[in-house]
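Spelled out from the first residue to the last, the chains are:
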There are 2 protein chains.
Amino acid sequence: MVSNQAQLLLPLKKHIEEATFPMTNEEFEPILGHFDVIRRKKHQFVVQEHDQVRNEFWVLKGCLKAYFVDGSGKEHIIQFAQEEWWITDYEAFLKQSQASIFIECIEDCELLTISLENREKLCQEQHRMALFWANKTKFGFLALQKRILSLLKNNAKERYEEFLRLYPSLLQRVPKKMIASFLGVSRETLSRLE
Amino acid sequence: MVSNQAQLLLPLKKHIEEATFPMTNEEFEPILGHFDVIRRKKHQFVVQEHDQVRNEFWVLKGCLKAYFVDGSGKEHIIQFAQEEWWITDYEAFLKQSQASIFIECIEDCELLTISLENREKLCQEQHRMALFWANKTKFGFLALQKRILSLLKNNAKERYEEFLRLYPSLLQRVPKKMIASFLGVSRETLSRLE
DNA sequence: AAAATGAAGTGATGTAGATCACTTCCGGTA
DNA sequence: TACCGGAAGTGATCTACATCACTTCATTTT
């Protein structure tokens, strides 16, 4: 449970309202009660391969990367997360099984965490929260479809330009070689685009 | 609404039970009442670019492909569907906007259709159905994540082998050039693998 | 039954992007 | 202030895969 750092945590209220409908502070408080706050330094992990993944994370502050390491030791970035984004190993989290990826802070981070148990409890207690997660998954699904289409139909340059359009703020804080990995391109090729 | 072709429609009952929990025929009937049956011949479309997408489809019989046509007229296959799979243009369906893709029968098809309105009604009337679609979206999300990872880390041959492992039955009924398109490979290259 | 159409295989050639090797340019730290 | 490791740029070369052109075979159409 979270102590009263109201200012810090209001963004979550707004985030949930935007995907559902307005609520009072009294309604928000029990929701918040199902989350914890954690702090991690740059280079620390919130998930490592083979971990039991008990939590989903919501970024209050900072930036993270989720990546898979292939047989030859190469890193493939699945997802970034910055303020107000959600991140975890969803496969492992939703099936309560072992992580197949790493999630690492690329800046000092403050995160809200929620367990699957608490998430399901919240969904049952509050119709709003069931709707919230349903919407989140729905839009997450559509975003992944777009990324697949982009991988199928666009070349390296087009994918990079799309990334710039979609996530201009990440360009400022994420090393280019990680963006290359996210796009499925070598860092040398990315550097030569334009 | 559907007339009583109970035999034909029982697979849907089983499909829903598998993702939730058992039900009686009496419970199933009102669910079925929210669907319609349509029949389409090979080469017919169930969705065309710029259509309003009013329905989601569940395949009773037959096989379909969902594809995007790029600027140079090239087809990129997003998804196949065969018996007991769901298909539509989810972006357009969920946002009730215009299709950006085509969905075409590659065999004669019998499909169950449900509108977004009926789907939402069902979710409100029956807790089970809300759970059902939540689970479906969740697993759909995980499947898309796997496909992205496969596009990022595997070469053409590895992706083809993975496809064979995951969907052996599609190999029998779908032309190889469509599988090539689904995998993001030219049909010549696919033909030369192995 | 003949003709048209489309799926699939295959050779020759072109090219986007990977890989390797080296250099430069920082930002942290000792 | 010098040192070190990581980020990034760039040349040379390699390669996986695309593209084009042609052939064969099977299915559909007339």
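So, here's what we can say about the structure. The model shown is predicted, which means the values in this text are computed figures rather than measured ones. (Residues numbered from 1 in each chain as written. Chains lettered and ligands numbered in written order. Predicted model: local features only at pLDDT ≥ 70, side-chain atom pairs only at ≥ 80, totals over all residues. Heavy atoms only, no water.)

1. Some thoughts on the interface of chain B and chain A
Stated formally: In what follows, a contact means two residues having at least one pair of non-hydrogen atoms within 4.5 Å. Buried surface area refers to the total accessible area, computed with a probe of radius 1.4 Å, that the two partners give up upon joining, counted for both partners together. Salt bridges, as used here, are contacts in which a Lys or Arg side-chain nitrogen is within 4 Å of a carboxyl oxygen on Asp or Glu. Pairs of N or O atoms within 3.5 Å make up the polar contacts considered here, provided that, within protein, one atom can donate a hydrogen while the other can accept it, and that residues adjacent in sequence are counted only when both atoms are side-chain atoms. Helix and strand definitions here come from DSSP, where helices need a minimum of 4 consecutive H or I residues and strands a minimum of 2 consecutive E residues; each element is numbered from the N-terminal end.
Of the residues lining the interface, 27 residues belong to chain B; the matching set on chain A comes to 27 residues. Buried surface at the junction of chain B and chain A, both sides included, amounts to about 2,800 Å², of which 81% is carbon and sulfur. Sorting the residues of chain B by area buried against chain A places Phe-141, Ile-148 and Leu-152 of chain B first, and these three jointly supply 22% of that buried surface. At the junction of chain B and chain A, the tally comes to two salt bridges. The salt bridge involving Lys-146 of chain A is made with Glu-91 of chain B; its shortest N-O contact spans 3.5 Å. If you look at where chain B meets chain A, you find two residue pairs in polar contact (both at pLDDT 80 or more). Mapped by element, the contributors of at least two residues to the side of chain B that touches chain A are strand 5 (75–81), helix 3 (90–95), helix 5 (127–153) and helix 8 (176–183) of chain B.

2. Considering the sheet that holds strand 5 (residues 75–81) of chain A
Residue and element names in this part refer to chain A. How we decide: In short, DSSP must find at least two bridges between two strands for them to pair. The angle between two axes is taken between their N-to-C directions and runs from 0 to 180 degrees, where each axis is a line fitted to C-alpha atoms and a helix contributes only its stretch in contact.
Here we have four strands laid out as an open sheet, ordered 2-7-4-5, and antiparallel in their pairing. A single partner strand is all that each edge strand has here, and the edge strands are strand 2 (45–47) and strand 5. Between one strand and the next, the sheet's axes are offset by a mean angle of 30°, whatever the strand orientation. Its contacts with the sheet place helix 8 (residues 176–183) against strand 4 (64–69) and strand 5, and it is angled at close to 105° to strand 5.

3. Observations concerning the pairing of strand 5 of chain A
Residue and element names in this part refer to chain A. Our working rule: Under the scheme applied here, a residue whose accessible area is under 20% of the maximum for its type counts as buried, over 50% as exposed, and between as partly exposed, the area being computed with a 1.4 Å probe on protein chains only.
Counting buried positions along strand 5 yields six of seven residues, so the element is predominantly enclosed. Taken together, the six bridges between strand 4 and strand 5 define a ladder with antiparallel strand orientation. Directly across from Ala-66, in strand 5, lies its bridge partner Gln-79. Hairpin connection from strand 4 to strand 5: five residues lie between these consecutive antiparallel strands, with Gly-73 at a positive phi of about 85°.

4. Points about the packing of helix 5 (residues 127–153) of chain A against helix 5 of chain B
For any two helices packed against each other, one specifies the inter-axial angle together with the distance between the axes. Convention followed: Under this scheme an angle from 65 to 115 degrees is roughly perpendicular, one under 35 degrees roughly parallel, and one over 145 degrees roughly antiparallel; angles in between are oblique. Crossings are assigned a handedness: left-handed for a near helix turned anticlockwise from the far helix by less than a right angle, right-handed for a clockwise turn. Residue polarity follows a fixed list, in which Ala, Val, Leu, Ile, Met, Phe, Trp, Tyr, Cys and Pro are nonpolar, Asp, Glu, Lys and Arg are charged, and the others, Gly among them, are polar.
Running from amino to carboxyl end, helix 5 of chain A crosses helix 5 of chain B at an angle of 25°, the nearest separation of the two axes being 9 Å. Here helix 5 of chain B runs roughly parallel to helix 5 of chain A, going by the angle between their axes. Seen along the crossing, helix 5 of chain A lies across helix 5 of chain B with a hand that is left-handed. Between helix 5 of chain A and helix 5 of chain B, the residues in contact are Thr-137, Lys-138, Gly-140, Phe-141, Leu-144, Gln-145, Arg-147, Ile-148, Leu-151 and Leu-152 of chain A and Thr-137, Lys-138, Gly-140, Phe-141, Leu-144, Gln-145, Arg-147, Ile-148, Leu-151 and Leu-152 of chain B, respectively. Class assignment for the residues of the contact of helix 5 of chain A with helix 5 of chain B results in 10 nonpolar, six polar and four charged.

5. Side note on helix 4 (residues 116–125) of chain A
Residue and element names in this part refer to chain A. Formally: Each direction from the helix axis to a C-beta atom contributes to the arc, which is the arc of those directions.
What helix 4 keeps buried is the set Leu-116, Asn-118, Arg-119 and Leu-122. Around the axis of helix 4, the buried residues are gathered within 165° of arc, so they sit on the same side. The exposed residues of helix 4 that point more than 90 degrees off its buried face are Glu-117 and Gln-124. Here the buried face of helix 4 lies against helix 2 (25–32), strand 3 (55–61), helix 3 (90–95), strand 8 (109–115) and helix 5.

6. Looking at the protein's contact with DNA strand D
Put simply, the rule reads: Throughout, the term near means that a residue has one or more heavy atoms lying within 4 Å of the molecule or strand in question.
If you check the shell around DNA strand D, you find 16 residues, and the closest are Lys-176, Lys-177, Arg-187 and Arg-192 of chain A together with Thr-189 of chain B. A breakdown of the atoms of DNA strand D within 4 Å of the protein gives sugar and phosphate a share of 44%. In the model, a phosphate oxygen of DNA strand D is placed 2.7 Å from a nitrogen or oxygen of the Lys-176 of chain A main chain. In this structure, Lys-177 of chain A approaches DNA strand D through a side-chain N or O atom, which is 2.8 Å from a phosphate oxygen. Secondary-structure elements contributing two or more residues to the surface near DNA strand D are helix 8 and helix 9 (187–192) of chain A together with helix 9 (187–192) of chain B. Here the element with the most residues in the surface near DNA strand D is helix 9 of chain A; it accounts for four residues. A breakdown of the residues in the surface near DNA strand D according to their chemical character gives three nonpolar, five polar and eight charged.

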